[in-house]
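An overview of the molecular structure
Each chain, written out:
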Amino acid sequence: MTSDPATAPPGPAPVHRARLAFRRWRRTRPFWAGLWTGLGGFVIFFLPLAPLGRILQIGVGGIAGMSGGVVLMAMALLILLLPGQRHTAGVIAVIAGVSSFPLSNLGGLFVGMFLAVLGGSMAFSWLPGKPARRSRRRRAYEGSTAA
């Protein structure tokens, strides 16, 4: 009996495996908080983006708005890659989002500011998933041996 690779049952497709791996990764971190924060930073960064000569005429205001967007996108990466630092990154994202209101075109016409504050507050409030509960039989057994 030889096992022919052609007759072996096919495994899941590589795309399906990648999607499942991404789903597992996404569920272990504040994914939506990082996404909203990054999107808010993107809006705040690119909304005042103009030709360099125009930005130099605007002065520090244009550069401050762009730097606020960069800070928000960096906080989004921090939220996604280091979920243990979500509290710090969330607070900084909310502060940068609110400070973008006077610094860059009303906070990206309110859209970028809203997304940054939403993402930062979601990151601050996110908790990791709880482990699965033990069965009743297992708890009863552990309780009787602990005495």
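Look up: the structure comes first, before these words.
Rules and cut-offs
- Residues numbered from 1 in each chain as written.
- Predicted model: local features only at pLDDT ≥ 70, side-chain atom pairs only at ≥ 80, totals over all residues.
- Heavy atoms only, no water.
- Axes fitted to C-alpha atoms, helices over the stretch in contact; angles between N-to-C directions.
- Helix = DSSP H or I, 4+ residues; strand = E, 2+ residues; numbered from the N terminus.
- Parallel < 35°, antiparallel > 145°, perpendicular 65-115°, else oblique.
- Left-handed = near helix turned anticlockwise from the far one by under 90°.
- Contact = heavy atoms within 4.5 Å.
- Nonpolar A, V, L, I, M, F, W, Y, C, P; charged D, E, K, R; others polar.
- Expected span 1.5 Å × (residues − 1).
- Buried < 20%, exposed > 50% of the residue type's maximum accessible area, 1.4 Å probe, protein only.
- Arc of directions from axis to C-beta.
- Core = buried A, V, L, I, M, F, W, Y, C linked by side-chain atoms within 4.5 Å.
- Phe/Tyr/Trp six-rings, centres within 6.5 Å; stacked < 30°, edge-to-face > 60°.

This brings us to the packing of helix H5 (residues 86-103) against helix H7 (residues 111-125). Following both chains from N to C, one finds H5 and H7 inclined at 160 degrees, their axes separated by 7 Å at the closest point. Looking at the two axes, H5 sits roughly antiparallel to H7. Between H5 and H7 the crossing geometry is left-handed. Seen from H5, the contacting residues are Arg86, His87, Gly90, Val91, Ala93, Val94, Gly97, Val98, Ser100 and Phe101; seen from H7, they are Met113, Ala116, Val117, Gly120, Ser121, Ala123 and Phe124. For the contact of H5 with H7, the residue count by class is 10 nonpolar, 6 polar and 1 charged.

What follows concerns H7. Spanning 15 residues, H7 covers 21 Å between terminal C-alpha atoms, matching the ideal 21 Å at 1.5 Å per step. Among the residues of H7, those classed as buried are Gly112, Met113, Leu115, Ala116, Gly119, Gly120 and Ala123. Down the axis of H7, the buried side of the element spans an arc of 165 degrees, and every buried residue falls inside it. Exposed and facing more than 90 degrees away from the buried side of H7 are Phe114 and Ser125.

Below, the discussion takes up the packing of helix H2 (residues 31-46) against H7. Running from N to C, H2 and H7 point in directions that differ by 155 degrees, and their axes come no closer than 7 Å. Classified by the interaxial angle, the pair formed by H2 and H7 is roughly antiparallel. When the axes of H2 and H7 are compared, the crossing they make is left-handed. Along the contact surface, H2 presents Trp32, Ala33, Trp36, Thr37, Leu39, Gly40, Val43 and Ile44, while H7 presents Gly112, Met113, Leu115, Ala116, Leu118, Gly119, Gly120, Met122 and Ala123. For the contact of H2 with H7, the class distribution of residues is 12 nonpolar, 5 polar and no charged.

Among the nonpolar cores identified, the biggest contains 10 residues, and these are Ala33, Ile44, Leu72, Met75, Ile79, Ala89, Ala93, Ala96, Ala116 and Ala123. Put simply, the parts of the chain that give this core at least two residues each are H2, helix H4 (60-81), H5 and H7. In this view, Ala33 contacts Ile79, Gly119, Met122 and Ala123; residues no more than four positions away in its chain are not counted.

Let's shift gears to the packing of aromatic side chains. Under the defined criterion, the tally for this structure stands at 7 aromatic pairs. Seen from their ring centres, Phe42 and Phe46 are 4.6 Å apart, and the 55 degrees between their planes marks the pair as tilted. Placement of the pair is Phe42 and Phe46 together in helix H2, with a separation of 4 residues, close to one helical turn. The exposure class assigned to Phe42 is partly exposed, which follows from its relative accessible area of 43%. By the ring-pair criterion, three or more aromatic residues cluster together here, those being Phe22, Trp25, Phe31, Trp32 and Trp36.

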